[in-house]
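Take a look at the letters that make up each chain.
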Amino acid sequence: MGQSMSDARAMPATASETPLAGGARRSLASYALILPGVVWMLLFLVLPMLMMVYVSFWTQTTFKIEPILTTKSWVMFFSSPTYVGALWTTLRIWLIVLAATIVVGYPTALFVGLFVRSKTLSTALLVLCVIPFWTSFLIRVLAWRPMLGEQGAINILLRAAHIIHQPIDALLFTELSVIIGMTQIYCVFMVGPIAFMLGRIDPNLIEAARDLGAGFGRIFTRIILPLSMPGVVVGAIFVSVMVLGEFATSAALSGRKVNLLGNIIVTQVGSLKWAFAAVVGVVLTVVMGIVVSLFLRIVDLRREL
Amino acid sequence: MQGRVLKPVLAVYTGLFILFLYAPFIVLGILSFQIGPEGGPQFPIIAWSTYWYRHIFGLTPPSRIAPLPIGESLIRSLTLAFMTTIVATVLGVLSAQAFRARFRGAGAAFYLIVLGMMVPGVLVGLGMALVANTFGVDRHWWSTAFVLHVVYTFPFAFLVMLAIFNRFDASVEEAAWSLGVPPARTFRTVTFPLIFPGVLSAMLFAFTLSYDEFSRTLFASGRELTLPLAIYGTFSVEIHPNIFAFGVLTTLFSLALLAVYAILMSASVRRARRVAIQEET
């Protein structure tokens with residue numbers, strides 16, 4: 001402290017310029033500070049997305065694309081049962097995984113956010129949930145293969161417990177394995193926000209309801225659930241955006257049986273069909289935009305958070 | 001709240017939930033000790049061995065199973081993560097600092113930045129590849145993939161710093177200003193030491209996200225692969241337990257990184273506390 005004071009005295013000339021002055025100067029400084037970040041995002045996020053929309057109308061020949069505008073790729077997407085099918089598969093898997101993450105994650109969030117009184121314990125539990133994220137995403141996905149396979153851990157355990165006698169072979173390389181894998185990878189994104197919202201509920205509120213004779217079911221549906229909705233919505237937005245943009249889990253766990261829009265993009269880029277890949281990209285962007293805006297309509301986040 | 005029944009039930013459920021999160025990793029850890037080279041990536045364990053760990057480091061006699069192509073890709077991934085960490089954290093601190101004053105267009109700028117972490121990697125990756133093709137720019141991990149890594153991690157750094165600045169006591173800065181310390185110097189000697197724990201968290205976020213980032217890199221990098229891309233390459237061919245051994249090693253590395261972060265963090269918190277005590281006396 002003493003050192004900075006002597007430095008301050010050494011520079012009296014700049015004292016007149018100290019920015020205690022006006023708001024105008026401060027907002028000018030803000031613009032200067034925000035500029036690099038905004039320019040970066042415009043150049044490397046907004047421009048690529050616009051480019052994708054533009055290229056989706058280019059003419060695709062076998063080996064290259066030309067900037068002659070056409071809707072041919074768009075017509076091809078919506079007239080092909082394979083691609084429209086991929087759109088439906090994506091939507092179906094998204095809905096199932098979303099529901100699964102809520103069902104699987106909510107009780108844990110309820111325990112961590114509401115039932116655990118000690119702040120340290122609830123933080124420790126959340127940290128415990130996050131630690132698996134420090135394993136590479138792809139290896140976490142691959143690890144489901146020895147779990148689900150015919151000789152996999154689940155089949156071995158179920159047989160050892162005499163629950164089944166024949167191994168279940170429907171567990172791996174099916175839509176189910178993709179759903180299980182995605183649910184496990186993304187459910188933590190549901191637990192976090194819900195636990196956060198539940199942790200903010202005033203215990204007196206629940207106490208009061210109980211004093212007035214409400215059972216737990218009633219307290220849950222009338223108080224806990226509505227107050228945790230913003231958390232569910234935030235979690236749902238996270239999970240939706242990630243699941244809709246997925247392709248690695250389906251590639252690794254479905255044995256190429258499940259083709260999501262993301263998988264189509266990867267294949268099309270692989271065969272240099274850029275215009276068509278762009279069409280699929282735009283479709284995916286539109287789907288995602290609709291989904292997120294629907295969620296934001298359910299709960300006014302800016303008011304709730 | 002009928003807590004007597006419900007609480008234990010939920011506690012057991014939470015235990016099972018955590019087991020669900022860890023189960024694949026446990027299985028992966030067990031299978032990484034499968035005997036090699038004949039043992040496959042599935043149960044049962046024929047015999048326990050550290051063959052696949054030695055296989056990664058090329059310490060086993062040559063067999064039909066090619067070693068994982070990780071040497072150079074690991075260096076690339078670490079370099080890329082390091083570059084991304086620096087740029088994303090600097091941008092994050094600058095932008096969050098901007099948001100401490102009110103300015104017009106703040107809402108739009110906020111959403112623009114946060115969009116970077118929301119848009120899926122496939123889409124930005126594809127868009128970036130299209131931009132690069134159109135403008136005749138070559139795609140490399142250190143150019144087109146790097147800028148996308150920053151697009152992805154900068155919002156995280158920004159949000160962390162925003163949270164830090166929200167709890168920040170601006171009067172210390174004002175005191176420095178009123179004593180005539182110029183803003184840049186105030187930032188270096190007063191503001192920065194106070195926000196350092198936040199900067200550290202932002203760097204940790206940026207590093208781990210970039211190190212593991214895969215979908216953006218897939219389209220935006222050229223022929224030279226980063227580590228996740230090299231792992232993705234093994235998806236299409238047969239997998240062997242060496243990938244599991246590698247998963248165990250990378251996880252240990254990440255946890256070591258996390259430990260370093262925890263140590264630096266607690267050291268800086270302790271230092272801050274000591275300074276606070278000195279000021280009081």
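Residues numbered from 1 in each chain as written. Chains lettered and ligands numbered in written order. Predicted model: local features only at pLDDT ≥ 70, side-chain atom pairs only at ≥ 80, totals over all residues.

### Re the overall build of chain A
For step 1, the next point in the chain: Across its full length, chain A carries 16 helices and 2 strands.
For step 2, the next point in the chain: Relative to its length of 305 residues, chain A is extended, with a C-alpha radius of gyration of 26 Å against a globular reference of 19 Å.
For step 3, the next point in the chain: Taken over the C-alpha atoms alone, chain A extends approximately 80 × 70 × 40 Å along its principal axes.
For step 4, the next point in the chain: The buried share among the 305 residues of chain A stands at 42%.
For step 5, the next point in the chain: In chain A, the proportion of contacts linking residues at least 24 apart, taken out of those at least 6 apart, comes to 70%. (Helix = DSSP H or I, 4+ residues; strand = E, 2+ residues; numbered from the N terminus. Rg over C-alpha atoms; globule rule 2.2 N^0.38 Å. Buried ≥ 20, exposed ≤ 12 C-beta atoms within 10 Å, placed from the backbone. Contact = placed C-beta atoms within 7 Å.)

### Description of the overall build of chain B
For step 1, the next point in the chain: Summing up its helical and strand segments, chain B has 11 helices and 0 strands in all.
For step 2, the next point in the chain: Counted from the first residue to the last, chain B has its helices and strands arranged as α-α-α-α-α-α-α-α-α-α-α.
For step 3, the next point in the chain: For chain B, the spread of C-alpha atoms along the principal axes amounts to about 75 × 65 × 40 Å.
For step 4, the next point in the chain: Relative to its 281 residues, chain B shows a buried fraction of 41%.

### Some points on the confidence of the model for chain B
For step 1, the next point in the chain: The predicted model of chain B has a mean per-residue pLDDT of 86, with 98% of residues at 70 or higher.
For step 2, the next point in the chain: Interface confidence for the predicted complex, expressed as ipTM, amounts to 0.87; the pTM equals 0.86. (pLDDT = per-residue confidence, 0-100.)

### Notes on the interface of chain A and chain B
Quite often, the size of an interface is put as the accessible area lost when its parts meet.
For step 1, the next point in the chain: Taken together, the contact pairs 81 residues of chain A with 80 residues of chain B.
For step 2, the next point in the chain: When residues in the side of chain A that touches chain B are grouped by element, the largest group, 20 residues, is from helix α2 (residues 23–55) of chain A.
For step 3, the next point in the chain: In terms of residue class, the side of chain A that touches chain B is built from 59 nonpolar, 17 polar and 5 charged. (Nonpolar A, V, L, I, M, F, W, Y, C, P; charged D, E, K, R; others polar.)

### Re the domain arrangement of chain B
For step 1, the next point in the chain: By the assigned domains, chain B splits into domain 1 (3–56) and domain 2 (78–239).
For step 2, the next point in the chain: Placing the centre of domain 1 of chain B and that of domain 2 of chain B at their C-alpha centroids yields a distance of 34 Å. (Domains from an automatic or database assignment.)

### Considerations on the environment of A184(B)
Residue and element names in this part refer to chain B.
For step 1, the next point in the chain: Locating A184 in the fold gives a position in helix α8 (residues 183–212).
For step 2, the next point in the chain: Judged by C-beta crowding, with 8 C-beta atoms within 10 Å, A184 ranks as exposed.
For step 3, the next point in the chain: Distance from A184 to G29, taken between C-alpha atoms, is 50 Å for residues 155 residues apart in sequence.

### Some details on the packing of helix α3 (residues 71–98) of chain B against helix α6 (residues 144–166) of chain B
Residue and element names in this part refer to chain B.
For step 1, the next point in the chain: One way to put it is that α3 packs onto α6 with a least axis distance of 7 Å and a crossing angle of 45 degrees. The orientation of α3 relative to α6 falls into the category oblique. For the pair α3 and α6, the sense of crossing is right-handed. Seen from α3, the contacting residues are L80, M83, T84, V87, A88, T89, L91, G92, V93, S95 and A96; seen from α6, they are A145, F146, H149, V150, T153, F154, A157, F158, M161, L162 and F165.
For step 2, the next point in the chain: Across the contact of α3 with α6, the residue classes break down as 16 nonpolar, 6 polar and no charged. (Axes fitted to C-alpha atoms, helices over the stretch in contact; angles between N-to-C directions. Parallel < 35°, antiparallel > 145°, perpendicular 65-115°, else oblique. Left-handed = near helix turned anticlockwise from the far one by under 90°.)

### Focus on the nonpolar core
For step 1, the next point in the chain: A278(A), V280(A), L126(B), V151(B) and A157(B) are the most contacted members of the largest nonpolar core, which has 155 residues in total.
For step 2, the next point in the chain: With 13 residues, the top contributor of residues to this core is α6(B).
For step 3, the next point in the chain: There are two domains that each give this core at least three residues, and those are domain 1 (3–56) and domain 2 (78–239) of chain B.
For step 4, the next point in the chain: With residues up to four places along the chain from it excluded, the contact list for A278(A) reads M52(A), V55(A), S56(A), L126(B) and L130(B). (Core = buried A, V, L, I, M, F, W, Y, C linked by C-beta atoms within 7 Å.)

### Digging into the environment of F82(B)
Residue and element names in this part refer to chain B.
For step 1, the next point in the chain: With respect to the helices and strands, the residue F82 is situated in helix α3.
For step 2, the next point in the chain: Its 15 C-beta neighbours within 10 Å are what place F82 among the partly exposed residues.
For step 3, the next point in the chain: On a C-alpha basis, the gap between F82 and V27 in space is 31 Å, while along the polypeptide they are 55 residues apart.

### Structural notes on the environment of F168(B)
Residues and elements named next belong to chain B.
For step 1, the next point in the chain: Relative to the elements of secondary structure, F168 occurs in the loop between α6 and α7 (171–178).
For step 2, the next point in the chain: Once the C-alpha coordinates of F168 and T191 are considered, the two residues, 23 residues apart in sequence, prove to be 9.1 Å apart.
For step 3, the next point in the chain: Every residue in contact with F168, bar those within four places of it in the chain, is listed here: L194 and I195.

### What to know about unusual backbone geometry
Residue and element names in this part refer to chain A.
For step 1, the next point in the chain: Positive phi values are uncommon outside glycine, yet H162 reaches one of about 60 degrees.
For step 2, the next point in the chain: The residue H162 is located in the loop between α8 (153–160) and α9 (175–186) in this model.
For step 3, the next point in the chain: Accessibility expressed as a C-beta count within 10 Å gives 7 for H162, which makes it exposed.
For step 4, the next point in the chain: In this structure, F173 takes a positive phi of about 60 degrees despite not being glycine.
For step 5, the next point in the chain: Take F173: it is sitting in the loop between α8 and α9.
For step 6, the next point in the chain: Residue F173 is classed as buried on the basis of its 20 C-beta neighbours within 10 Å.

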